[in-house]
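These are the residues of each chain, in order.
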Amino acid sequence: MLATYAARAQDSRGRKHPEQRHAYRDDYQRDRDRVIHSRAFRRLESKTQVFTRRLSDHFRNRLTHTIEVSQVSRTIAAELDLNVDLVETLALVHDIGHPPFGHAGEQALDECMRAQGLFFDHNLHALRIVEYFEQRYAEFRGLNLTFEVREGIIKHSHDYSAEQFPQLAEYLLDNRPPLEAQLIDLTDEIAYLTADLDDGLESEIITLAQIRRGSQLFERFYREVETLYPAAAEKLKANETIKRVLNALAGDLIQTTRARVASAKVKTLEDVRNAPQRLAHFSGGIENDRRELKHFLYDNLYYSPELKRDKDDSKKVITEMFAFWMQHPEKLPQSYQEDARTSLPQTVCDYIAGMTDNFIKEQHRTNCG
Ligand code: MG
């Protein structure tokens with residue numbers, strides 16, 4: 001049973017190109033399947049999340065991170081009686097617009113674009129992928145996803161103003177997205193904050209003692225685990241703690257969101273859309289814990305000297321390949337030639353953003369080696 005304010009497939013604002021209903025899958029289930037069968041989704045496997053393959057081949061990549069976000073999101077959505085199929089679709093598609101090499105790649109690509117008076121934004125790129133670059137249907141370009149999935153892609157992490165982005169006006173920019181979309185940014189954080197503690201420890205870039213000092217949330221649960229399992233190996237105590245941290249974040253998100261929905265007297269999806277603020281939230285205390293943990297990871301892991309070498313290499317590859325195709329547009333694949341005549345920097349950016357780490361490195365070796 002869905003909550004009265006959940007998004008229902010039968011009430012969807014629909015697809016740009018009307019399609020016949022499927023015999024036994026509703027529209028959000030079909031969208032989920034379209035995302036999973038897309039080329040951009042398969043490429044997530046060879047895109048860096050935080051750690052490059054140089055460090056280990058069992059650390060998270062963008063695909064395994066995406067699967068973890070999907071799993072956390074589905075659990076939370078089910079507990080809140082939200083539409084699990086829509087949440088799953090939004091989780092699976094949430095990182096599809098990321099360029100190769102994680103955050104460093106995104107920054108480098110954005111810098112290349114800014115030098116051209118343009119910019120790179122992974123949410124907008126994700127929308128371009130599902131609307132334009134994926135080609136699987138004879139009748140139209142793109143995946144022809146429902147309005148709510150496209151809206152969720154745009155709104156999952158932040159709001160865009162209609163003034164600045166007139167091309168997004170159709171996405172009801174003055175309204176909140178459905179709760180299913182509001183969850184994704186928070187479940188993304190739950191997934192990566194806990195996963196990066198795990199991989200960060202394993203990489204030995206951060207230590208247990210450092211985390212215990214840097215995160216009160218972690219320390220609280222670590223003490224509990226130590227009392228329960230004093231003789232357990234340190235790594236297992238860390239795992240037990242990370243599991244409890246994840247559970248605390250997820251449980252708090254469920255409870256706080258439920259309470260905010262109740263106190264705002266939200267009954268319908270329209271109420272969710274018209275609420276002055278997003279309703280999916282952590283409580284004040286856990287929000288502080290989340291922020292502390294995030295800052296800890298930024299200071300000690302994401303900006304660590306150990307990861308800097310990979311980041312510098314990544315930036316160099318992206319910057320040099322951007323310059324290469326700007327100088328040699330004739331070397332772009334045939335399928336990009338027409339777009340390149342409209343805007344060369346945008347086309348080079350789109351081409352690079354779609355690549356896996358391996359593919360762009362290979363291109364770099366061939367063309368700039
Ligand atoms: Mg993510």
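Residues numbered from 1 in each chain as written. Predicted model: local features only at pLDDT ≥ 70, side-chain atom pairs only at ≥ 80, totals over all residues. Heavy atoms only, no water.

**Q** I'd love a proper account of the overall build of the protein chain, names of residues and values included.
**A** Of regular secondary structure, the protein chain possesses 17 helices and zero strands. In terms of overall dimensions, the protein chain is globule-like: its C-alpha atoms have a radius of gyration of 21 Å, near the 21 Å expected for 369 residues. Structurally, the protein chain occupies a C-alpha span of about 65 × 50 × 40 Å along its principal axes. The long-range fraction of contacts in the protein chain, counting pairs at least 24 apart against all pairs at least 6 apart in sequence, stands at 70%. Carbon and sulfur atoms form 49% of the exposed surface of the protein chain, whose accessible area is close to 17,600 Å². Distance between charge centres in the protein chain, computed from 51 positive and 59 negative side chains, equals 1 Å. (Helix = DSSP H or I, 4+ residues; strand = E, 2+ residues; numbered from the N terminus. Rg over C-alpha atoms; globule rule 2.2 N^0.38 Å. Contact = heavy atoms within 4.5 Å. Areas by Shrake-Rupley, 256 points an atom, 1.4 Å probe, with all protein chains shown as cover. Lys, Arg positive; Asp, Glu negative; His and termini not counted. Charge placed at Lys NZ, Arg CZ, Asp CG, Glu CD.)

**Q** If you had to explain the packing of aromatic side chains to someone new, which residues and values would you point to?
**A** Taken as a whole and assessed by the stated rule, the structure comprises 13 aromatic pairs. With a centroid separation of 5.1 Å and 80° between ring planes, the pair formed by Tyr132 and Phe133 is classed as edge-to-face. The class for Phe133 is buried, based on a relative accessible area of 17%. With a centroid separation of 5.0 Å and 70° between ring planes, the pair formed by Trp325 and Tyr351 is classed as edge-to-face. Pair noted here: Trp325 is in helix α14 (residues 305-327) and Tyr351 is in helix α16 (residues 344-353), with a separation of 26 residues, a long-range link. Pair check on accessibility: Trp325 and Tyr351 agree, each one buried. Through a chain of ring-to-ring contacts, the aromatic side chains of Tyr132, Phe133, Phe324, Trp325, Tyr336 and Tyr351 assemble into a single cluster. One Lys or Arg, Arg13, reaches over the ring of Phe147 and ends 5.5 Å from the middle of that ring. The ring of Tyr132 has Arg141 lying over it, and the distance from NZ or CZ to the ring centre is 3.6 Å. (Phe/Tyr/Trp six-rings, centres within 6.5 Å; stacked < 30°, edge-to-face > 60°. Buried < 20%, exposed > 50% of the residue type's maximum accessible area, 1.4 Å probe, protein only. Lys NZ or Arg CZ within 6 Å of the ring centre and 35° of its normal.)

**Q** Any chance you could break down the domain arrangement of the protein chain for me, citing the residues and the numbers?
**A** Domain assignment breaks the protein chain into domain 1 (9-307) and domain 2 (308-368). In this structure, domain 1 and domain 2 have C-alpha centres spaced 27 Å apart. Each side of the interface is counted separately: domain 1 has 31 residues, and domain 2 has 27 residues. Interface area, domain 1 with domain 2, both sides summed: about 2,600 Å², of which 60% is carbon and sulfur. Our count for the contact surface shared by domain 1 and domain 2 stands at one salt bridge. Put simply, Asp350 and Arg128 hold a salt bridge, and the shortest N to O gap is 2.3 Å. Broken down by secondary-structure element, the contributors of at least two residues to the side of domain 1 that touches domain 2 are α5 (102-114), α6 (122-133) and α14. Looking at which element gives the most residues to the side of domain 1 that touches domain 2, the answer is α5, with seven residues. In the side of domain 1 that touches domain 2, the residues fall into 17 nonpolar, nine polar and five charged. (Domains from an automatic or database assignment. Buried area = accessible area lost by both parts, 1.4 Å probe. Salt bridge = Lys/Arg side-chain N within 4 Å of Asp/Glu carboxyl O. Nonpolar A, V, L, I, M, F, W, Y, C, P; charged D, E, K, R; others polar.)

**Q** Would you mind going over the coordination of the magnesium ion in detail, with residue names and values included?
**A** Coordination of the magnesium ion by the protein involves His65 (NE2), His94 (NE2), Asp95 (OD) and Asp188 (OD), with metal-donor separations of 2.2 to 2.5 Å. Counting the intervening residues between successive donors of the magnesium ion yields the motif H-x28-H-D-x92-D. You can see His94 sitting in the loop between α4 (84-93) and α5 and its partner Asp188 sitting in helix α8 (residues 179-203), a full 94 residues away along the chain. For His94, a relative accessible area of 3% corresponds to the buried category. Residue Asp188 is classed as buried on the basis of its relative accessible area, which comes to 10%. (Donors = N, O, S within 2.8 Å, 3.2 Å for Na, K, Ca; no water.)

**Q** Talk me through the nonpolar core; I want residue IDs and the actual numbers.
**A** Across soluble globular proteins, nonpolar side chains have a tendency to be buried as a group. In this structure, Ile76, Leu168 and Leu297 are the most contacted members of the largest nonpolar core, which totals 85 residues. Per-element tally for this core: the top contributor is α8, with eleven residues. When near neighbours in sequence (up to four residues on either side) are disregarded, Leu297 contacts Leu193, Asp196, Leu197, Ile206 and Tyr302. Core analysis: the next-biggest nonpolar cluster, separate from the first, contains 24 residues, Ile318, Phe322, Tyr336 and Val348 among them. (Core = buried A, V, L, I, M, F, W, Y, C linked by side-chain atoms within 4.5 Å.)

**Q** So what's going on with α14? Which residues, and what values?
**A** An ideal rise of 1.5 Å per residue puts 33 Å on 23 residues; α14 measures up with 33 Å between its terminal C-alpha atoms. The complete set of buried residues in α14 reads Leu307, Asp310, Ser314, Val317, Ile318, Met321, Phe322, Phe324 and Trp325. Elements in contact with the buried residues of α14: α5, α13 (284-302), α16 and α17 (357-368). (Expected span 1.5 Å × (residues − 1).)

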